[in-house]
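Observations on the model geometry
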Amino acid sequence: MLLPPAAFLVLFCYIPLAGNIAAFKDYNIFEGLWASRWAGSRHFAEAFRSVEFRYALRNTLLLNAGDLLFSFPAPILLAVTLMELRGSKLRKATQFILFLPHFFSMVIVAGIVYQVFSGTGLINAALAALGIPRVGFLGTPALWMVVYWVSGVWKGTGYGMIIYLAALTAVDPALGEAAAIDGAGRWKRVTRITLPVIRPTIVTLLILNLGGVLSIGFDRPYLLGNVLVSDVSNVISTHVYAVGMQAGRFDFATAIGLFQSAVGIVMVACANLFARRLGEEGIV
Amino acid sequence: MVANKRGESVFQFFMGAFFLSVCALCLAPAVHLLAVSLSGKNAVLSGRIGFIPVGFTLDAYRRALADGGFIYSFGYSLALTSGYTLLALILTSLCAYPLAQRDLPGARIVKALVVFTIYFTPGIIPSYLNARNLGLLDSVWALALPGALSAYNAVILINFFRSVDPALFEAARIDGAGEYLTLAAVAVPLAAPALATIALFYAVSRWNGVSDVLFYVTNPRLYTVQLKLKQMTDMVVISQQEGSGAGNDLAADNIKAAAVLFSMLPIAILYPFIQRRFTRGILLGAVKG
């Protein structure tokens, strides 16, 4: 019974994982991966000498740092605030509505971003109505990055909120009432009861986020980006695509991808260790 | 205490107003999209549309749907998603059911090897070369096979099967049912809620997936609705983007908006159901593997 799924994992996970050795080879299409000659660490050295790779590295770090700054705290703030809201109908409606963008594909998100931020889009229509000159959000690198981060908050906040609210359902409401009777103000109740409850969740997600600081999905930067902002929208994943699949340098592109995953694993391990040192639970 | 109560109701009023604005902000882009899609081309080019259509017309929808490839890719994506989900459910059940049996020798090691694939994923290029070596490129199998077993979903299902009373499986075996029959006739019906959740995980990921289509397929007949939509909405008209508003009508914004909205339909229609299942599924998955 286990045979079909096991064969599947070998065929589509373990064999391609082993295929990462292309990073250390001079990949020759005709000889195949295994017969190709070894290249040692030459591709890695070349990557670090390449200006394009360094740009991609910088952009990846920059875009991820912004996500960490905006998309990471947004669901925490909203979940904690939502717990203070009495009406359960509005509470449910908020969760329902904010979760919706999570299910839209990145192509749809890119289509919506275009309609909102383009020269003739929603924001510029509003600016025009106020007599303010139109702004090229999508064609100006710095503003495009803001658009990128905003799209992340819009798409991801609902999902994050569900995770935090789930942790918060574990809190007995009587605890807050008792604290209130004892004279604890709202701020005290939030900092002494609500936040400590979701702290392990925050730490876990923070570790995963820090670990992923060098890994960036392909879809979002690729689909949101355009030629005018390629100086900031070219990231590691899109660089791997351009170098590997479009230019056909499979070995070199594999090396870049492998570097990214290796750093990711080391980063998660370090963040995890650090969290444990601080007395947190960690993820493993 | 009276002042306190009044303070509380003022606070609640502002909280209500705050969350209503958050919801409005979240929905505003979609409302704008709807307004653009229902507006005439010239009104769209003038760039003055907010939340109300200007020069109401259904022309954009007519023109978006007149692109024969769009409807075709829609139907094709539905078929692909259904087939993929069915295959994925079968594979995931075959993987999870034996691994949930506590007395299976070696189950721990095999499970560890399954969980390993959650954390260590092959990169873009090795996966592509693998698909090419297997001769999958430019076939529908390149989109249906590689992602058909998610270890994450398998772990959810393993945990579910573990929570079932083993006596139920035992009874079927004593009655002479083989393992496959026990799985099909006892385990699968019991796991229906978990399977429905997992089916949605798979279906949504396939429906929304775009990068593998971009990587593995060049034949337009194999383009999913997402890739077709990408072609229709690609930001080719830079002049429009830059605010001159004088783009040609190669892909007028109202047609793009109509295409995007139309593509949102399946998710929007199923959303109440999806939302409930996913919320439960996230909580299931939150249990450390």
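This one's a predicted model, so the numbers in the text were calculated from it and none came from an experiment.

Definitions and cut-offs
- Residues numbered from 1 in each chain as written.
- Chains lettered and ligands numbered in written order.
- Predicted model: local features only at pLDDT ≥ 70, side-chain atom pairs only at ≥ 80, totals over all residues.
- Heavy atoms only, no water.
- Helix = DSSP H or I, 4+ residues; strand = E, 2+ residues; numbered from the N terminus.
- Buried < 20%, exposed > 50% of the residue type's maximum accessible area, 1.4 Å probe, protein only.
- Contact = heavy atoms within 4.5 Å.
- Areas by Shrake-Rupley, 256 points an atom, 1.4 Å probe, with all protein chains shown as cover.
- Lys, Arg positive; Asp, Glu negative; His and termini not counted.
- Charge placed at Lys NZ, Arg CZ, Asp CG, Glu CD.
- Phe/Tyr/Trp six-rings, centres within 6.5 Å; stacked < 30°, edge-to-face > 60°.
- Lys NZ or Arg CZ within 6 Å of the ring centre and 35° of its normal.
- Core = buried A, V, L, I, M, F, W, Y, C linked by side-chain atoms within 4.5 Å.
- Buried area = accessible area lost by both parts, 1.4 Å probe.
- Salt bridge = Lys/Arg side-chain N within 4 Å of Asp/Glu carboxyl O.
- Polar contact = N/O pair within 3.5 Å; in protein donor to acceptor, adjacent residues only side chain to side chain.
- 1 Å grid on protein atoms, 1.4 Å probe; cavity = no way out; pocket = protein on both sides within 12 Å on 5 of 7 lines; lining within 4 Å.
- Points joined across faces, edges and corners; volume = space filled by probe spheres on them.
- Nonpolar A, V, L, I, M, F, W, Y, C, P; charged D, E, K, R; others polar.
- Patch = residues over 30% accessible without salt bridge, like charges linked within 9 Å, V, L, I, M, F, W, Y side chains within 5 Å.
- Axes fitted to C-alpha atoms, helices over the stretch in contact; angles between N-to-C directions.
- Parallel < 35°, antiparallel > 145°, perpendicular 65-115°, else oblique.
- Left-handed = near helix turned anticlockwise from the far one by under 90°.
- pLDDT = per-residue confidence, 0-100.

Some points on the overall build of chain A
Along its length, chain A carries 15 helices and two strands. For chain A, the spread of C-alpha atoms along the three principal axes comes to 75 × 60 × 40 Å. Burial analysis of chain A (284 residues in total) assigns 52% to the buried set. Sequence-distant contacts in chain A: of pairs separated by 6 or more residues, those separated by 24 or more amount to 66%. If you sum the accessible surface of chain A, you get close to 13,200 Å²; carbon and sulfur atoms cover 68% of it. Looking at charge distribution, chain A has the averaged site of its 21 positive side-chain charges lying 5 Å from that of its 14 negative ones.

Quick notes on the packing of aromatic side chains
The description of an aromatic ring pair uses the distance of the two centres, along with the angle that the planes make with each other. Across all of its chains, the model carries 36 aromatic pairs over all chains by this definition. Ring geometry for A:Phe218 and B:Phe215: centres 5.0 Å apart, planes at 65°, overall edge-to-face. Linking A:Phe218 in the loop between helix H11 (186-211) and helix H12 (219-224) with B:Phe215 in helix H12 (residues 211-216), this pair reaches from one chain into another. With respect to burial, A:Phe218 and B:Phe215 carry one shared label: buried. One aromatic cluster in this structure is built from A:Tyr27, A:Phe218, A:Tyr222, A:Tyr241, A:Phe250, B:Tyr128, B:Phe215 and B:Tyr216. Positioned above the aromatic ring of A:Trp38 is the side chain of A:Lys25, whose terminal nitrogen or guanidinium carbon lies 4.3 Å from the ring centre.

A few points about the nonpolar core
Ranked by internal contacts, the top residues of the largest apolar core, which has 167 residues, are A:Trp144 and B:Phe161. Apart from the residues lying within four places of it in its own chain, the contact partners of B:Phe161 are B:Ala96, B:Tyr97, B:Ala100, B:Phe169, B:Leu183, B:Ala187 and B:Ala191.

Quick word on the interface of chain B and chain A
A common way to express how large an interface is: the accessible area buried when the components associate. With 88 residues of chain B at the interface, the matching set in chain A holds 80 residues. Between chain B and chain A the total buried area reaches about 7,700 Å² when both faces are included, carbon and sulfur atoms providing 76% of it. Where chain B packs against chain A, one counts two salt bridges. On inspection of chain B and its partner chain A, the count reaches 20 residue pairs in polar contact (both at pLDDT 80 or more). It is helix H1 (residues 2-37) of chain B that contributes the most residues to the side of chain B that touches chain A, 16 residues altogether.

Brief notes about empty space enclosed by the protein
For the structure shown, the criterion picks out two cavities of 30 Å³ or more. Quantified by volume, the largest cavity comes out at close to 50 Å³. For the largest cavity, the full set of lining residues is A:Gln115, A:Ser118, A:Thr120, A:Gly121, B:His32, B:Val36, B:Val44, B:Ile49 and B:Asp253. Residue classes in the lining of the largest cavity are distributed as three nonpolar, five polar and one charged. For the second largest cavity, the calculated volume is near 40 Å³. Taken together, A:Ile97, A:Leu100, A:Pro101, A:Phe104, A:Trp154, B:Cys26, B:Leu27 and B:Ala30 form the lining of the second largest cavity. No other element matches H1(B), which puts three residues into the lining of the second largest cavity. Across the lining of the second largest cavity, the residue classes tally to eight nonpolar, no polar and no charged.

Some thoughts on a nonpolar patch on the surface
Among the surface-exposed residues, A:Val10, A:Leu11, A:Ile15 and B:Leu134 lie close enough to one another that they form a single nonpolar patch of about 290 Å² accessible area. By secondary structure assignment, the location of B:Leu134 is in the loop between helix H6 (124-133) and helix H7 (141-144).

A few points about the packing of helix H1 (residues 3-18) of chain A against H6(B)
For the pair H1(A) and H6(B), the least separation of the axes is 9 Å and the interaxial angle reads 125°. Between H1(A) and H6(B), the angle is such that the two are oblique. Viewed along their axes, H1(A) and H6(B) form a crossing whose handedness is right-handed. On H6(B), the residues touching A:Leu11, A:Phe12, A:Ile15 and A:Pro16 of H1(A) are B:Pro126, B:Ser127 and B:Asn130. Broken down by class, the residue content of the contact of H1(A) with H6(B) amounts to five nonpolar, two polar and no charged.

Examining the packing of helix H14 (residues 236-246) of chain A against helix H15 (residues 250-277) of chain A
Residue and element names in this part refer to chain A. Their axes nearest at 8 Å, the elements H14 and H15 cross at an angle of 165°. It follows that H14 is roughly antiparallel to H15 by the angle criterion. Relative to H15, the crossing made by H14 is left-handed. Here Ile236, Ser237, His239, Val240, Val243 and Gly244 of H14 come into contact with H15, specifically with Phe250, Phe252, Ala253, Ile256, Gly257 and Gln260.

A short note on the environment of B:Asn133
Residues and elements named next belong to chain B. Counting through the fold element by element, Asn133 comes out in helix H6. Note on Asn133: relative accessible area 60%, which makes it exposed. On a C-alpha basis, the gap between Asn133 and Phe169 in space is 41 Å, while along the polypeptide they are 36 residues apart.

Focus on the confidence of the model for chain B
In low-pLDDT regions, the fine details of the predicted coordinates are not to be read closely. Residues and elements named next belong to chain B. In the predicted model, chain B carries a mean pLDDT of 87, and 91% of its residues have values of at least 70. Of all secondary-structure elements in chain B, the lowest mean pLDDT belongs to helix H14 (residues 238-241), at 42, while H7 reaches the highest, 96. Confidence drops under pLDDT 50 across residues 237-250; counting only partners more than four residues distant or on other chains, this segment forms 34 contacts. In the model output, the complex is listed with pTM 0.91 alongside ipTM 0.89.

Details of the layout of surface pockets
The calculated volume of the second largest pocket comes to roughly 950 Å³. As for the second largest pocket, its lining consists of 27 residues, and the residues nearest its centre are A:Glu84, A:Arg86, A:Gly176, A:Ala180 and A:Arg189. Of all the secondary-structure elements, those providing two or more residues to the lining of the second largest pocket are helix H10 (173-181) and H11 of chain A together with H1 of chain B. Among the residues making up the lining of the second largest pocket, the classes are represented as 10 nonpolar, eight polar and nine charged.

A word on the pattern of salt bridges
One pass over the full model with this rule turns up nine salt bridges over all chains. Residue B:Glu170 pairs with B:Arg173 through a salt bridge whose shortest N-O separation is 3.2 Å. One end of the pair, B:Glu170, and the other, B:Arg173, are both in helix H9 (residues 166-174), three residues apart, so they sit about a helical turn from each other. On the basis of relative accessible area, B:Glu170 is assigned to the partly exposed category, the value being 39%. By relative accessible area, B:Arg173 is classed as partly exposed at 22%. Linking B:Asp212 and B:Arg206 is a salt bridge whose minimum nitrogen-to-oxygen distance equals 2.7 Å. For B:Arg206, a relative accessible area of 5% corresponds to the buried category. Put simply, A:Glu84, A:Arg86, A:Arg186 and B:Glu8 are held in one network by salt bridges that share partners.

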